[in-house]
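# Commentary on secondary and tertiary structure
If you want the building blocks of each chain, they are given just below.
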Amino acid sequence: GAVVSQHPSRVICKSGTSVKIECRSLDFQATTMFWYRQFPKQSLMLMATSNEGSKATYEQGVEKDKFLINHASLTLSTLTVTSAHPEDSSFYICSASPEAFFGQGTRLTVV
Amino acid sequence: SQQGEEDPQALSIQEGENATMNCSYKTSINNLQWYRQNSGRGLVHLILIRSNEREKHSGRLRVTLDTSKKSSSLLITASRAADTASYFCATDHYGNNRLAFGKGNQVVVIP
C-alpha cells in the first residue's frame, strides 16, 4: 500500500535554531499534504495544508513565518520550525492526499 | 470549531471484554475515520465510514455512524492487551482528507 515517510522521527535542538522535517510520499504523487501537531496527551490539530507548487494554507492561529512549509514536488513537503523555542516542542505528523496515509511523526524537543 | 469531538475517556477493561467509544461532531461530513495511536507513535488507520454508510466491520472492529445524531461509535470486540492505545475519530468534511480530530480515548486492556 501507499507509504508516507517522515524524517527525522526524533530531533532535539537548541532554542533559537531551525529544524526541518520532511514528509515524502514513496509510491504515489501527493498534490496535497497536511501537517498536524500534537501536544502531550492531547489530540492532533491541523496546522496547515501544503499544496504542490503553491503557497500553503495555514489554520487560524498558526504563524506562517514560524512554520515554513514548502511543497516543491509531488512527493515531498517540508516543514521548517524557525527560531524554535521550548513551547514548540511537540509531535509533528504529516499526511498525504489522496489517501489519508500518515507519516510516522517527528518528536521535536527544543532545549 | 473542532470536529469529531468524542468524550475524552480513559477506559480500562479486562482482556476478552468489549470496548466501546463514541464520537460526536457538529457539521456535515463526507466521511469519518478512526485511528489508533500507540504511546508517542504514529497513527494507524483503522476504518473509514462514509456519510451514506451506517455500519462497517473490519476484523474485531465495528463502526457505526448516525448522521442524524452526528455521532459514531467504535466497538472493539474480544479485546487484547495489544489493543491498549489511544483511539481517535477524525471527520473529513469535504472528502479531501483534511481531517479534524477528536480528543481521543485512552484504552487500557488488562491481561
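Here, every reference points to the structure presented above.
For the structure given in this document, a descriptive report is provided here. (Residues numbered from 1 in each chain as written. Chains lettered and ligands numbered in written order. Predicted model: local features only at pLDDT ≥ 70, side-chain atom pairs only at ≥ 80, totals over all residues. Heavy atoms only, no water.)

### Structural notes on the overall build of chain A
Note the cut-off: The way it works is that DSSP assigns letters per residue, a run of H or I at least four long becomes a helix, a run of E at least two long becomes a strand, and they are numbered from the N terminus. Radius of gyration here is computed from C-alpha atoms only, and the compact-globule reference equals 2.2 Å multiplied by the residue count raised to the power 0.38. Contacts were defined at the residue level, with two residues in contact if any of their heavy atoms lie within 4.5 Å. Each accessible area is a Shrake-Rupley estimate made with a 1.4 Å probe; only the visible protein chains count as cover when residues are assessed. His is not counted, nor are the chain ends, whereas Lys and Arg count as positive and Asp and Glu as negative. Where a charge sits is defined by one atom per residue type, namely NZ (Lys), CZ (Arg), CG (Asp) or CD (Glu).
Each helix and strand in chain A was counted, giving zero helices and 11 strands. In chain A, the order of α-helices and β-strands from amino to carboxyl end is β-β-β-β-β-β-β-β-β-β-β. At 13 Å, chain A has a C-alpha radius of gyration in line with the 13 Å of a compact globule built from 111 residues. When its C-alpha atoms are laid out on the principal axes, chain A stretches across 35 × 25 × 20 Å. Looking at chain A alone, contacts between residues at least 24 apart form 52% of all its contacts between residues at least 6 apart. When the accessible surface of chain A is totalled, it reaches about 5500 Å², and 51% of it is carbon and sulfur. In chain A, which carries 10 positive and 9 negative side-chain charges, the distance between the mean positions of the two groups comes to 8 Å.

### Overview of the pattern of salt bridges
Here the idea is simple: oppositely charged side chains can pair when their charged atoms come close. The condition is simple: The term salt bridge refers to a pairing of a side-chain nitrogen on Lys or Arg with a carboxyl oxygen on Asp or Glu at a separation within 4 Å. Remark: exposure states derive from per-residue accessible area (1.4 Å probe, protein chains only) relative to the maximum for the residue type, with buried under 20%, exposed over 50%, and partly exposed in between.
Applying the stated criterion across every chain yields a total of six salt bridges over all chains. Close ionic contact of K66 of chain A with D88 of chain A constitutes a salt bridge, the shortest N to O distance being 2.9 Å. With a gap of 22 residues between them, K66 of chain A in the loop between β6 (57-58) and β7 (67-73) and D88 of chain A in the loop between β8 (76-81) and β9 (90-97) connect regions that are remote in the sequence. Each member of the pair, K66 of chain A as well as D88 of chain A, carries the same accessibility label: buried. Taking the shortest distance from any N to any O, the salt bridge between E53 of chain B and K56 of chain B comes out at 3.8 Å. Judged by relative accessible area, E53 of chain B falls into the partly exposed class, the value being 24%. Given a relative accessible area of 27%, K56 of chain B falls into the partly exposed group.

### Section: the interface of chain B and chain A
Test applied: Accessible area that two parts lose when put together, evaluated with a 1.4 Å probe and summed over both, is termed the buried area. Polar contact criterion, stated in full: a pair of N or O atoms within 3.5 Å, where within protein one must be able to donate a hydrogen and the other to accept it, and residues adjacent in sequence count only if both atoms are side-chain atoms.
The interface of chain B with chain A comprises 16 residues on the first partner and 20 residues on the second. Together, the buried faces of chain B and chain A total about 1300 Å²; carbon and sulfur atoms form 52% of this surface. Taking the shortest distance from any N to any O, the salt bridge between E59 of chain A and R98 of chain B comes out at 2.7 Å. Along the contact surface separating chain B from chain A lie four residue pairs in polar contact (both at pLDDT 80 or more).

### Overview of the pairing of strand β4 (residues 32-38) of chain A
All names here are of chain A. Here is the rule: Paired strands are those between which DSSP finds at least two bridges.
Among the seven residues of β4, seven are classified as buried, and the element is accordingly described as predominantly covered. Going residue by residue along β4, you find T32, F34, Y36 and Q38 tucked away on one face and M33, W35 and R37 tucked away on the opposite face as well. Pairing geometry for β4 and strand β5 (residues 44-51), over seven bridges, is antiparallel. Each residue of the ladder has a partner; that of W35, found in β5, is A48. Between β4 and β5, which follow one another and run antiparallel, lie five residues, and K41 among them has a positive phi close to 60 degrees. Of the pairings in the sheet, the one linking β4 to β9 comprises seven bridges and is antiparallel in character. Across the sheet, the residue bridging to Q38 is F91, located in β9.

### Notes on the state of the cysteines
To keep things clear, this is the line we draw: Cysteine sulfurs are considered disulfide-paired once they come within 2.5 Å of each other.
What the rule picks out here adds up to two disulfides over all chains. Across the disulfide, C23 of chain A is cross-linked to C94 of chain A (sulfur-sulfur distance 2.0 Å). Its S-S torsion of approximately 85 degrees makes the covalent link between C23 of chain A and C94 of chain A right-handed. Of this pair, C23 of chain A sits in strand β3 (residues 19-25) while C94 of chain A is found in strand β9, placing the two residues 71 residues apart along the sequence. Given a relative accessible area of 0%, C94 of chain A falls into the buried group. C23 of chain B shares a disulfide with C89 of chain B; S-S distance 2.0 Å. Linking C23 of chain B and C89 of chain B, the disulfide has an S-S dihedral of approximately 60 degrees and is accordingly described as right-handed. Of the two residues, C23 of chain B is situated in strand β2 (residues 19-24) and C89 of chain B in strand β8 (residues 85-92); the sequence distance between them amounts to 66 residues. Note on accessibility: C23 of chain B and C89 of chain B belong to one class, buried.

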